[in-house]
Amino acid sequence: MAVLDIKDVSKVFSTTVAVDRFNLTVGDGELVCLLGPSGSGKSTLLRMVGGFETPSAGVVAIDGEDVTRVPPEKRPTGMVFQSHALWTHMNVFKNLAFGLKLRRLPADEIKRRVDAVLELVGLGGFGHRATNQLSGGQQQRVALARSLVLEPKILLLDEPFASLDQHLRERLREEVRDIQQRLGITTLFVTHGQDEALSMADRIVVMRDGKIEQVAPPDFLYRQPQTPFVASFIGTMNLIEGVVSGGQFSRPGLKLPLPIADGPATVAVRPEALAIVKSGEPDSARIHRITDYGAHAIVDLELPDGFRLKATVPDAREWSGVQAATLAPRAFAAYRENVVAYRS
Ligand code: ADP
């Protein structure tokens, strides 16, 4: 049982507010991803949970115990950094045993725990390898094992796959999620990759300028983004600005019923939710390009005022030679600052 509470935590570096009155509870066994653009405060927040940075204000508590001013080595947290910094003068076994020796565990207990955790990360029998004889993925597994062997209550991961190639990254994502679920370890994970967050997290925190923009499970975040920022940050999104008048949203080439008060609004439509119909109308969207991906195709469209949109169609062949289309969004979100309407 390990619950992480971050209460009203801020961090100010001279004039920069890196984290701004941040509140989050990570439940027992939950994996929460912090997702946001570079500079949004993700690493600073994670470092404050790990004890590598002291908050300017607020409280970090683990299982109800205030650890805000407890140094990293005395916290029940284990952190895996982007650059794993294994000790190259020690073999794999010694890298893992080091922390346990500091805790004065008996040698047979150390061996048992190191062997078990190496097995867990798929490196059984690798104890005698020099760390510089390992591939990038294996080194990252050792870094993870080095944290896990200390049996932390909370696992903290700071972009742990950033230096790996795409293929390896995808494999390690699945492995780490498996291990995390098997151990039931409460985990906070920093990434700027939306695919990583969508595929691994129980909940995603989208951060912007040190604040929470939205917290939600991946499917919810994808389908019901609360702000245009979240809408455009997760997945591909058409963000269309226009004007609402008499219950209708309009922009040259697009009209939609939208029963909200008159005024400007932004409509967000996923390419897969933007149905298109072949058209000969002069005021419809012009087809600019069709990219065939086999299983589906992406149609790039241009509205009469030059604004570009993307729509997904099942079969590129049905669109060959077609010049124009009318747009029929099936599902969308509408914003005036924050969300004002969803249609799904
Ligand atoms: P992210 O992890 O989302 O990229 P960071 O937490 O690294 O964001 O940074 C958030 C903000 O705080 C940035 O503006 C960054 O420049 C600033 N910052 C981070 N660490 C320091 C530091 N040690 N000194 C001064 N400013 C810092």
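Quick caveat, the model's predicted, so the values are computed rather than measured.

Asker: Lay out the pairing of strand 7 (residues 154-158) in plain terms, naming residues and giving numbers.
Answerer: Buried residues dominate strand 7, accounting for five of its five residues. Of the two faces of strand 7, the one holding Ile154, Leu156 and Asp158 and the one holding Leu155 and Leu157 are both buried throughout. Across four bridges, the pairing between strand 6 (residues 77-80) and strand 7 is parallel. The residue of strand 7 that forms the bridge with methionine 79 is leucine 156. Judged from the five bridges that link them, strand 7 and strand 8 (residues 186-191) form a sheet pairing that is parallel. In the sheet register, leucine 156 faces strand 8, and the bridge partner there is leucine 188.

Asker: A description of helix 2 (residues 92-102) should follow, citing residues and the corresponding values.
Answerer: Every α-helical turn comprises 3.6 residues, leaving residues that sit three or four positions apart pointing alike. Within helix 2 the residues assigned to the buried category are Val92, Asn95, Leu96, Ala97, Gly99 and Leu100. Contact partners of the buried residues in helix 2: helix 3 (107-120) and helix 4 (136-148). Where helix 2 begins, one side-chain oxygen reaches toward the backbone nitrogen of phenylalanine 93, 3.2 Å away; that side chain belongs to asparagine 91. Positive backbone phi, at 60 degrees, marks arginine 104, one or two positions downstream of helix 2.

Asker: Just give me the short version of the site of the ligand, but keep the residues and values in it.
Answerer: Taken together, Phe13, Thr16, Ala18, Pro37, Ser38, Gly39, Ser40, Gly41, Lys42, Ser43 and Thr44 form the complete shell of residues around the ligand. Measuring from an oxygen atom of the ligand, one finds a backbone N or O atom of glycine 39 at 2.7 Å. The contact in question runs from an oxygen atom of the ligand to an N or O atom on the backbone of glycine 41, over 3.0 Å. Taken together, the elements giving at least two residues each to the shell around the ligand come down to strand 2 (16-26) and helix 1 (42-50). Among the elements that make up the shell around the ligand, the one with the highest residue count is helix 1 (three residues). Looking at side-chain class alone, the shell around the ligand contains three nonpolar, seven polar and one charged residues.

Asker: Outline the side chain of threonine 266, listing residues and values.
Answerer: The topology assignment puts threonine 266 in strand 14 (residues 263-269). Residues contacting threonine 266, with those up to four places away along its chain left out, are Leu239, Ile240, Glu241, Ala333, Ala334 and Tyr335.

Asker: So what's going on with the nonpolar core? Residues and values would help.
Answerer: Counting 44 residues, the largest nonpolar core has Val114, Leu144 and Ile204 as the members making the most contacts within it. The residues contacting isoleucine 204, other than those within four sequence positions of it, are Cys33, Leu35, Ala197, Leu198, Gln214, Val215, Ala216, Pro218 and Leu221. Counting 30 residues, the second largest nonpolar core, distinct from the first, contains Leu256, Leu258, Ala311 and Val322.

Asker: Outline the sheet that holds strand 19 (residues 324-329), supporting the account with residue identities and numerical values.
Answerer: The five strands are arranged 15-19-16-17-18 in an open sheet whose pairing can be described as antiparallel. Of all the strands in the sheet, just strand 15 (274-278) and strand 18 (308-313) have a single pairing partner and so form its edges. Recorded for the sheet is a direction-independent mean angle of 45 degrees between the axes of neighbouring strands. Here strand 17 (residues 297-302) runs beside strand 18; their pairing, made up of six bridges, is antiparallel. Considered in strand 18, the bridge of valine 299 is made with alanine 311.

Conventions used here
Residues numbered from 1 in each chain as written. Predicted model: local features only at pLDDT ≥ 70, side-chain atom pairs only at ≥ 80, totals over all residues. Heavy atoms only, no water. Buried < 20%, exposed > 50% of the residue type's maximum accessible area, 1.4 Å probe, protein only. Helix = DSSP H or I, 4+ residues; strand = E, 2+ residues; numbered from the N terminus. Pairing = 2+ DSSP bridges. Contact = heavy atoms within 4.5 Å. Polar contact = N/O pair within 3.5 Å; in protein donor to acceptor, adjacent residues only side chain to side chain. Near = heavy atom within 4 Å. Nonpolar A, V, L, I, M, F, W, Y, C, P; charged D, E, K, R; others polar. Core = buried A, V, L, I, M, F, W, Y, C linked by side-chain atoms within 4.5 Å. Axes fitted to C-alpha atoms, helices over the stretch in contact; angles between N-to-C directions.

Honestly, that's just the spatial picture; any functional story needs more than this.
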